[in-house]
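# Geometric and topological summary
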Amino acid sequence: MSQSVSAQASGHGHDHGHVDQGQLKILGFWIFLVTDCLLFSTFFAAYAVLHEHTDGGFTAHDFDVTGFILETFILLISSFTSGLAVLAMHKGKKNSLIGWLILTVLLGAAFIALEINEFTNMVHEGASISRSAFLTSFFSLVGLHGAHVSFGIMWMIGLIIQLAQRGITTVTKGKISIISLYWHFLDAVWIFIFTVVYLMGVM
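What you see is a predicted model, and the numbers here were worked out from it, not measured in a lab.

With that out of the way, let us pick up a nonpolar patch on the surface. The grouping of L24, L27 and I31 at the surface amounts to a nonpolar patch, some 310 Å² of accessible area in total. Checked against the element boundaries, L24 lands in helix α1 (residues 2-50). Assessed through its relative accessible area of 57%, L24 is described here as exposed.

Listed below in structure tokens is the structure:
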């Protein structure tokens, strides 16, 4: 009897440890988001100060309107598909969950491809990162966001592999929820970039 009580107590303690670990991971993620907000705020501030220092070269008025609108459209759709992935997860639909995540990855990859194409075309026109303070701040800010998206894509691919192997578990549910929040965060940051950098630039 005492062994049974002891085992139950041990089991409860083990579960409590798992709950604490999960809560710590969520707390750690929110701390990461806060520090990331501070990082992006610094880059936005630098852009605000330097965006008029064009040195007579490429200016914000020269941005490819079609390109950045298409990038925005794709990223907004990817945010929607990541939300559908979370809904599929809550319904226990593993295949739908994986399918929506794969679509989100493909949309994210398309966004990165368009961004690389934009950067390449600008460099070919002589608008390199070292051409002016404006271009340095532009490439730094937009490139920072692109690096975050690339990291999110790799993270999501890893979760897709884990889901295919283990299915929907308490652990994978937590990870999917976190990556979805991360992806929505990147979408929100891009809306600021779209407004402050591109839209205000071409107006």
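Our focus in this paragraph is the nonpolar core. If you look at the biggest cluster of nonpolar residues, it comprises 51 residues, and the most contacted ones within it are F63, F138, I176, I193 and Y198. When sequence neighbours within four positions are dropped, the list of residues in contact with I193 reads F44, L141, V142, H145 and Y198.

Turning our attention to helix α3 (residues 94-124). In this model, α3 (31 residues) spans 45 Å end to end at C-alpha, consistent with the 45 Å of a helix rising 1.5 Å per residue. Backbone geometry just after α3 places G126 at a positive phi near 90 degrees.

A few words now on helix α2 (residues 65-90). Its 26 residues give α2 an end-to-end C-alpha distance of 38 Å, which sits within 8% of 38 Å, the value for a rise of 1.5 Å per residue. Just downstream of α2 lies G92, where phi reads positive at about 75 degrees.

So, on to the packing of α2 against helix α5 (residues 170-202). α5 packs onto α2 with a crossing angle of 160 degrees between their chain directions and a minimal axis gap of 10 Å. Classified by the interaxial angle, the pair formed by α2 and α5 is roughly antiparallel. By crossing handedness, the relation of α2 to α5 is classed as left-handed. Its residues assigned to classes, the contact of α2 with α5 shows 15 nonpolar, 8 polar and 3 charged.

The rules we used
- Residues numbered from 1 in each chain as written.
- Predicted model: local features only at pLDDT ≥ 70, side-chain atom pairs only at ≥ 80, totals over all residues.
- Heavy atoms only, no water.
- Patch = residues over 30% accessible without salt bridge, like charges linked within 9 Å, V, L, I, M, F, W, Y side chains within 5 Å.
- Areas by Shrake-Rupley, 256 points an atom, 1.4 Å probe, with all protein chains shown as cover.
- Salt bridge = Lys/Arg side-chain N within 4 Å of Asp/Glu carboxyl O.
- Helix = DSSP H or I, 4+ residues; strand = E, 2+ residues; numbered from the N terminus.
- Buried < 20%, exposed > 50% of the residue type's maximum accessible area, 1.4 Å probe, protein only.
- Core = buried A, V, L, I, M, F, W, Y, C linked by side-chain atoms within 4.5 Å.
- Contact = heavy atoms within 4.5 Å.
- Expected span 1.5 Å × (residues − 1).
- Axes fitted to C-alpha atoms, helices over the stretch in contact; angles between N-to-C directions.
- Parallel < 35°, antiparallel > 145°, perpendicular 65-115°, else oblique.
- Left-handed = near helix turned anticlockwise from the far one by under 90°.
- Nonpolar A, V, L, I, M, F, W, Y, C, P; charged D, E, K, R; others polar.

So far we have only geometry, and geometry alone does not tell us how the molecule works.
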